[in-house]
Amino acid sequence: MTVTESPEGAEGPQGTGGTDRADGDGDEYADDYEGFEDFDRLALDRSGQAEAFDAIGDRYDEAFPHKDGQLAAGRWLADALAPGSRVLDVGCGTGLPTGRQLVDAGHELVGIDISPGMLKLARSNVPTATFQQVDIVDLRSGGRYGPGGSRELGEFDAVVAFFSLLMLPRPEIPYALRALRGLLRPGGLLALAMVEADVDDFAIPFLGNSVRVSGYLREELRRVVRDAGFEITGEDSHSYAPASIDVPPEIQLYLHCRRRV
């Protein structure tokens, strides 16, 4: 996923409605998200993002081969965890390479994504993992899949979020990080990857489709992650040139994080 310039005059956050959301529970999401009014409205509509990735399908892995940075971050996480640890992969995509990497290392994987097409591929690529169609907003405390929710996923030893948070409007990212922190056991690990870019909810062409992306410059990303309750224990960056000619080079940032108690 590549962004290369600041979006002068870009539109603000999209309305958001999420995926597979519970209906009729007026206070289901009454938690500490009141600072971001879009969560209160539950108007976040990511259906266009999901449809774009449905259309992209397995072309995504063809366009982004040789994922050295992602593989290295996955190895760090796999090796840092005790055998059989429970890991949540947020925005799991096709399950490659990270889902398969973690399962092959002996960990229990739960993958979530908003794209049914990506989830179909993931179930085929990593058949021993569990995959569900879930929007990240539904992971918050009181959300359908979050702590106390009707379909609560439970606690995890680690969370992986490789290039999934960049699909959110920038004001939403700190709240998403806090939601992920709430799913982790004390001292749990977070492996986070973002593209370095100073953009907010910016529409870009992507493999024949249009998606909206956000990003930070690296010092601001560090601050946002720390403010969400994480200690950054390691960091790596990679210059990456996708195979697709319509996707320009990018700088990928990988943070190794631990939930502060």
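Procedures and definitions
Residues numbered from 1 in each chain as written. Predicted model: local features only at pLDDT ≥ 70, side-chain atom pairs only at ≥ 80, totals over all residues. Heavy atoms only, no water. Salt bridge = Lys/Arg side-chain N within 4 Å of Asp/Glu carboxyl O. Helix = DSSP H or I, 4+ residues; strand = E, 2+ residues; numbered from the N terminus. Buried < 20%, exposed > 50% of the residue type's maximum accessible area, 1.4 Å probe, protein only. Polar contact = N/O pair within 3.5 Å; in protein donor to acceptor, adjacent residues only side chain to side chain. Pairing = 2+ DSSP bridges. Right-handed = clockwise from strand over helix to strand, strands pointing away.

This next bit is on the pattern of salt bridges. Applying the stated criterion across every chain yields a total of 10 salt bridges. Arg170 is paired through a salt bridge with Asp198; the nearest N and O atoms lie 3.1 Å apart. Placement of the pair is Arg170 in the loop between β4 (156–162) and α7 (173–183) and Asp198 in the loop between β5 (184–195) and β6 (199–206), with a sequence separation of 28 residues. Classification of Arg170 by relative accessible area gives partly exposed; the value is 23%. Residues Asp201 and Arg212 are paired through a salt bridge, measuring 3.2 Å at the closest nitrogen-oxygen approach. Of the two residues, Asp201 sits in strand β6 while Arg212 sits in strand β7 (residues 209–215), which places them 11 residues apart along the sequence. The network of salt bridges with common partners includes Glu155, Asp157 and Arg185.

Attention shifts here to the environment of Arg223. When you line up the elements, Arg223 lands in helix α8 (residues 218–227). A distance of 2.6 Å separates a polar atom in the side chain of Arg223 from a polar atom in the side chain of Glu220.

By the bridge criterion, four bridges tie strand β2 (residues 108–113) to strand β3 (residues 130–133) in an arrangement that is parallel. Considered in β3, the bridge of Gly111 is made with Phe131. This β-α-β element, β2 to helix α6 (residues 116–125) to β3, shows right-handed connectivity.

Going from Leu96 to Pro97, the amide bond is cis rather than trans, its omega being 0°. Assignment of secondary structure puts Pro97 in the loop between β1 (86–90) and α5 (98–104). The phi torsion at Asp201 lies on the positive side, around 55°, for a residue other than glycine.

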